[in-house]
Structures are given as C-alpha cells and as structure tokens.
Amino acid sequence: MAESIIIRVQSPDGVKRITATKRETAATFLKKVAKEFGFQNNGFSVYINRNKTGEISASSNKSLNLLKIKHGDLLFLFPSSLAGPSSEMETSALPALKACGAPNVVEDEIDQYLSRQDGKIYRGRDPQLCRHGPLGKCVHCVPLEPFDEDYLNHLEPPVKHMSFHAYIRKLTGGADKGKFVALENISCKIKSGCEGHLPWPNGICTKCQPSAITLNRQKYRHVDNIMFENHTVADRFLDFWRKTGSQHFGFLYGRYTEHGDIPLGIRAEVAAIYEPPQIGTQNSLELLEDPKAEVVDEIAAKLGLRKVGWIFTDLVSEDTRKGTVRYSRNKDTYFLSSEECITAGDFQNKHPNVCRLSPDGHFGSKFVTAVATGGPDNQVHFEGYQVSNQCMALVRDECLLPCKDAPELGYAKESSSEQYVPDVFYKDIDKFGNEITQLARPLPVEYLIIDITTTFPKDPVYTFSISQNPFPIENRDVLGETQDFHSLATYLSQNSSAMFLDTVSDFHLLLFLVTNDVMPLQDSISLLLEAVRTRNEELAQTWRKSEQWATIEQLCSTVGVQLPGLQEYGAVGGSTHAASAAMWACQHCTFMNQPGTGHCEMCSLPRT
C-alpha cells in the first residue's frame, strides 16, 4: 500500500487537509479537492505559490511526486470567475474571495509606499573596527534589517515595538520569502456549519471550538507616532475643560505619513479635532448619537483627511493659582482603564487596517487613542496608545468586561448557554521568580496596551488657517458657543482683512456650511473644499462669486452684523445690499419675511 500524505489547501473559505498518495495523479487529486470544497465542476484553480504561479493542471500523466508536492505542503485554491461552486458554497465562498488577502486588496497609500522601500538601516564605515577598503563591507558596517531588536533597543529613547512593516519584513524574510505567511485574525466564536453534533450549548467539538488564548505583549505596532500639527489644535480642544471642568471627547482627523525616526514607521498626523454630541461631567463621558457623522467623514475625505483616532481628557485641577493638574495615570495606578481599552478596541474594530497578507483582507488597525492627562510635572501631557490585536478580538466577540471597582483590571467572560467563551490566560511571575500561567479572571490590562509616542513639531504645520477670532466649534452649546449665522457673520466681519481662502480654511466653519439647517451646501461646496485642500486662491475666488455664497452673505446681513465689503463679496451681476434690504430673516425661526414688516409672519415674534 502506498504511503499516505496530507496536503493542505488554502482557499478564501479556509484551509482544508486532503489525504493523498505520492503516486496519485494530479487529476485524481483535483477531484478530491473539488469534492472536499463542494465544487461541482472545474470552477477553480490550484497553485503551488500564493502569487498564482505554478498551477496544477488536471493531468493523468503527472503524479504528485513528479510535481514535487510533499507531505505537509500548502497549496492555494482560487475559485474561477467563470464557473462558480455548488449552491451550498456559493453564498459563503464568493464573498470570502472578495475579502481575501489576495493581490486584489487595495492597501492604504502609506502601506503601498512603505512596501516599496528598502527599509534597511545603513551604517557608515567604523574607523576602529572596520579593516577593509571604502567599498567593502563587514559585520560592523553591513546594513541592518529594520526589525533588528538590538538596534531598536539602543535608540534614544529605546523602541519597545518594531513597526508593522518591519514585522512583515521579518515574516517574509528568509529562504522561503514568506511563502507560508498568512496573518490570520483571532476568532473567539464557534465556527458555524459543523454538522456532526447539536449546536451549542448541547454540543461542541474540536473542529468548531475556538482555541484558548494566551495573552502576549504585542511585539509590533501599526502606528509608531502621533503628531499634532500645531499647539492650537490641542489648545482649542482643551479650552472646553478649562472653561467647564468637565471631561471632553473628540475624533482626530488627519493623515498617515512616514515616521522617519523608526525604520518603516508610520505617523498619524492630526490636523483637526471634531467634537461629536456628548454629555461630560468631571469624572465621566457619555457619547450621544451623531446624525452628522457620515457627512463629517465625507467632507474630511474631500479635504484629503481621514479619521485617524480619538482623544479624551482625564484632567483634575490641583492648584488653580499655579495652573497645575493632578498626576493620576502612572505605573502605580493605570495608563488606560479597562473600560477605555474596550472602547479603543471597539473603535479599532470599526476602522480595520487593510492588509494583503491576511485571508480576511484586513489585519489590526491604525486607529489611535490619545489621552490628555496630567504628567509627572503636573502639567497637561498627551499620551498615545493602541490596544493589541488580541484585545480587538476579545472586544469584537464580546468576551471582555470591565471591573467596576478596579479600573486597571478587566475580566474575561465565562461561557454560558448563550455564548461559548474560550479560556483566556496570561503569564506572570510569582514571588519565587517562576513564570506561571494565570486565568484572565481578572486580567491586568497592561497586557492589552501598546504605547505610542505623542509629539508636537518644532516647526508647526497648518492645514487650516489660524485666526485670533476663530469660528466656534460644533456641539459646544453648553458654553454658549453656538454655530449659527450670527456667529458666522461675526467671524467674517472680524477676519475681513485676510484673504478669502484663509478666511474659509477652518475645519469647523466648513462643517457648518455643509450641515447647517437653513442652507446646507453639501452639493455645491466641492470646489471650495478642493481649493482648501490644494491651497488654491483662484479656485476659492471662483467659488466666492457663486450664488450660494451670495445667499450665505444675505443671511448673515439679516442678523444685525454688517459685513465689510458686502458688495464685493456678492455674486456677479446683482446688488447684494439691495437683495438683503428686500427681505429679512427672523432671528427666532429663520423665516424669510417681506420688507416693511415688524413681526415674523411665521412665529409672530418681533423683528428685534
């Protein structure tokens, strides 16, 4: 009897093992593959390599031994677009193919750029240790790999986590060049479709049961630095706490760029902070439903920005005369509470990182967490974090809970009749110095946290203009700062000397123009957004002469604030002053009334 071998076949739907023999023909082997994966015809192709090279044809003359396929080899199956699988597999295989980490996945621009870089750390010739000529290389000056731990540990300050692209280079290096690399996302759920037993809680087997999880400190991070473009962005966010004493929350909008201080590193540059509806107190935050969330993302995308993270304050004033704050987050307490880790994991799951090496098409996240809190010098410091991929999986599958009385501890749920939860462990050192494995009930959250340096540049960068009298920030009605046409008219009158492009280059102003209830400009503001993105004054002047801007100015002139140069601001071919004198807007309901009336026709309230 011929010796049996097991061949692994990876498809968009997962990996399956096929039992075969060395003398078996390729045609017989492909029939077994079709039967195992549920294909009725030859609607698939099997390749030796992941990049679709070395296709195995249905030949009756070539054996597996002749094709150099050995026991334990991994082959790659790709369904054909012409002939699909059977009806049972159609609904599951095709969507999985689209999400598969194949070359069809389009990664972020920064990921595409870094994947093309050399990444090696070049060193000059050491005059004391190198004994060769200027064109030679030795162990003392040969370029280092970007994942060299000794080099990272000797940087100032030392780098505990290599960059994600350096981690990929480490996986894809060596003799096999990453042939067997697949970044698989962790799953804590029972695999569906197991027909050998009753569903949970009446039955479970090793095929569908998720593996136990041992928490490890992640060796890499998806983002290596958070940089606010200038101090004004952060100061305006902190003003809410300074004026109310209540904690505050915001979303970071910016872009991902290369971080040159770390090999193949990624930096999250923050250009603006959007503050959604929320209820804040001195020790709590509650996020409310935001009906404008999708519009904000759309406007940011047209400005060349994206949502890169979230920020919140945890500040308690210590001495109001000195302006100091309490230093509460440190190694003796916690850096992130379990509740904040769960929130960060939820945000990271909502913003996954597209990755071509993952069968799911995504792996981890570049979404960052920033905390404004007191530092060792009792001044406001900004700290950056992410949670590990293991934490993301526990949060996604609802396996992690916060502890009520101990913010530094989390708790892994126990299995119930509604949900099976795999065992979660972490390693610790006992009083004798021995490494022991503990059940994560409870769990120190430092196993889930990845710290990220947070900085401000020496030379500030300004994506948006900075004004001495800025436009109010959204959702700050509790401070008496409202976004309406009165505040818009006041802002325009106080910034009349500036260029029009500089005047309208304000993230919060642009959001108001798009989302206001009186005259939203969502369908007609694309030209202005393009002008702000490219810093093109001519495009801005072209949009300034449009009917939409003339109408905005008419609405501003009706609230009692006279705009300087109103005739110049108006649309070409008409008198803006005459048009504004013809009708007036009610300050209470914004209804446009006919001239000569002292009371609003809609709400009957007086004009002034």
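Small disclaimer: the values here were computed from a predicted structure and weren't measured.

Q: Lay out the packing of aromatic side chains in plain terms, naming residues and giving numbers.
A: If you walk through the whole model with that rule in mind, you get 23 aromatic pairs. With 6.1 Å between their ring centres and 25° between their planes, F164 and F363 make a pair best called stacked. Of this pair, F164 sits in helix α5 (residues 164-172) while F363 sits in strand β17 (residues 362-365), placing them 199 residues apart in sequence. Over the ring of F251 we find K307, and its NZ or CZ is 4.2 Å from the ring centre.

Q: How would you sum up the layout of surface pockets? Please name residues and give values.
A: Considering only enclosed or pocket space, the largest pocket measures out at about 2000 Å³ in volume. Looking at the largest pocket, it is lined by 40 residues, and the ones nearest its centre are D13, G14, V15, K191 and K207. The set of elements that each furnish at least two residues to the lining of the largest pocket consists of β1 (4-11), β2 (14-21), α1 (26-37), β6 (213-215) and α9 (389-396). The element contributing the most residues to the lining of the largest pocket is β2, with four residues. Residue classes in the lining of the largest pocket are distributed as 14 nonpolar, 13 polar and 13 charged.

Q: Break down empty space enclosed by the protein for me, citing the residues and quoting the values.
A: This structure, assessed with the given rule, holds two cavities of 30 Å³ or more. Here the second largest cavity is characterised by a volume of approximately 30 Å³. Every residue lining the second largest cavity is listed: E107, D111, F164, H165, I168, N353, V354 and C355. Residue assignment for the lining of the second largest cavity shows that the elements contributing at least two residues are α5 and β16 (352-354). If you tally residues by element for the lining of the second largest cavity, the top one is α5, at three residues. Counted by class, the lining of the second largest cavity contains four nonpolar, two polar and two charged residues.

Q: Quick rundown of the packing of helix α13 (residues 526-534) against helix α14 (residues 537-544)? Include the residues and the values.
A: To describe two helices that pack against each other, one gives the angle between their axes and the distance between the axes. The geometry of α13 relative to α14 is characterised by a closest axis approach of 8 Å and an angle of 160° between their N-to-C directions. With respect to their mutual orientation, α13 and α14 come out roughly antiparallel. Classified by chirality, the crossing of α14 by α13 is left-handed. Across the interface between the two elements, L527, L528, E530, A531 and T534 of α13 pack against L539, A540, T542 and W543 of α14. Tallied by class, the residues present in the contact of α13 with α14 amount to six nonpolar, two polar and one charged.

Q: Describe the confidence of the model for the protein chain, naming the residues involved and giving the relevant values.
A: Confidence in the prediction of the protein chain, expressed as mean pLDDT, is 85, and 90% of residues score 70 or more. The low-confidence segment residues 82-102 (pLDDT under 50) makes 37 contacts with residues lying over four places distant or belonging to another chain. This model gives residues 566-581 a pLDDT under 50, and the stretch forms 26 contacts once residues within four places in sequence are excluded.

Q: Give a detailed account of the sheet that holds strand β25 (residues 449-455), specifying residues and quantitative values.
A: One closed barrel holds the seven strands; their spatial order is β8-β10-β9-β13-β18-β19-β25, and the pairing between them is mixed. Here the strands of the sheet are splayed against their neighbours by 35° on average, with no regard to which way each runs.

Q: Describe unusual backbone geometry, and please don't skip the residues or the numbers.
A: P157 follows E156 through a cis peptide bond whose omega is 0°. By the element assignment, P157 lies in the loop between α4 (149-153) and β5 (162-163). A positive phi angle, close to 60°, is found at K68, a residue other than glycine. Although it is not a glycine, N378 sits at a positive phi angle of roughly 60°. Relative accessible area serves as the criterion here: at 22%, N378 is assigned to the partly exposed category.

Q: Quick one: what's the story with the side chain of Q348, residue by residue and with numbers?
A: Here Q348 is to be found in helix α8 (residues 338-350). At a separation of 3.0 Å, a polar atom in the side chain of Q348 contacts the main-chain amide nitrogen of V387. Beyond its immediate chain neighbours, meaning those up to four positions away, Q348 contacts S365, F367, Q386, V387 and M392.

Q: I'd like a description of the sheet that holds β1, backed by residues and values.
A: Pairing is mixed in the open sheet, where four strands are placed in the order β2-β1-β4-β3. Strand pairing shows two members of the sheet lacking a second neighbour, β2 and β3 (44-47), which therefore form its edges. Across this sheet, the average inter-strand angle for adjacent strands is 30°, counted without regard to direction. Note: β1 against β2, eight bridges, orientation antiparallel.

Thresholds, definitions, all that
- For every chain, the first residue of the written sequence is number 1, and numbering continues from 1 along that sequence.
- The predicted origin of the model limits local features to residues at a pLDDT of at least 70 and limits the giving and counting of side-chain atom pairs to 80 or more, whereas totals for whole chains, interfaces and linings rest on all residues.
- Hydrogens and waters are ignored; side-chain quantities use all the structure's heavy atoms.
- A pair of Phe, Tyr and Trp rings is counted when the ring centres sit within 6.5 Å of each other, with Trp represented by its six-membered ring. The angle between the planes then sorts it: under 30 degrees is stacked, over 60 is edge-to-face, the rest tilted.
- Numbering of helices and strands runs from the N terminus, with a helix taken as a DSSP run of H or I at least four residues long and a strand as a DSSP run of E at least two residues long.
- Either the NZ atom of lysine or the CZ atom of arginine qualifies as a charge over a ring when it sits within 6 Å of the ring centre and within 35 degrees of the ring normal.
- We place a 1 Å grid over just the protein atoms. Points where a 1.4 Å probe fits but has no way out form a cavity, open points with protein on both sides within 12 Å along at least 5 of 7 lines form a pocket, and any residue with an atom within 4 Å of a point lines it.
- Grid points are joined across faces, edges and corners, and a volume is the space filled by probe spheres set on the points.
- By the convention adopted, Pro, Cys, Tyr, Trp, Phe, Met, Ile, Leu, Val and Ala count as nonpolar, Lys, Arg, Asp and Glu as charged, and the other residues, Gly among them, as polar.
- Only C-alpha atoms enter the line fits that serve as axes; for helices the fit covers just the stretch in contact. Angles between N-to-C directions range over 0 to 180 degrees.
- Roughly parallel here means an angle under 35 degrees, roughly antiparallel means over 145, roughly perpendicular means 65 to 115, and every remaining angle is called oblique.
- Two helices that cross are described as forming a left-handed crossing if the nearer one is turned anticlockwise from the farther one by less than a right angle, and a right-handed crossing if clockwise.
- Only heavy atoms matter for contacts: two residues are in contact if any of them lie within 4.5 Å across the pair.
- Confidence scores per residue from the predictor, reported as pLDDT, run from 0 to 100.
- The rule for pairing is simple: two strands pair if DSSP sees at least two bridges between them.
- Between buried and exposed lies partly exposed: a residue is buried under 20% and exposed over 50% of the maximum accessible area for its type, with that area taken using a 1.4 Å probe on protein chains only.
- Pairs of N or O atoms within 3.5 Å make up the polar contacts considered here, provided that, within protein, one atom can donate a hydrogen while the other can accept it, and that residues adjacent in sequence are counted only when both atoms are side-chain atoms.

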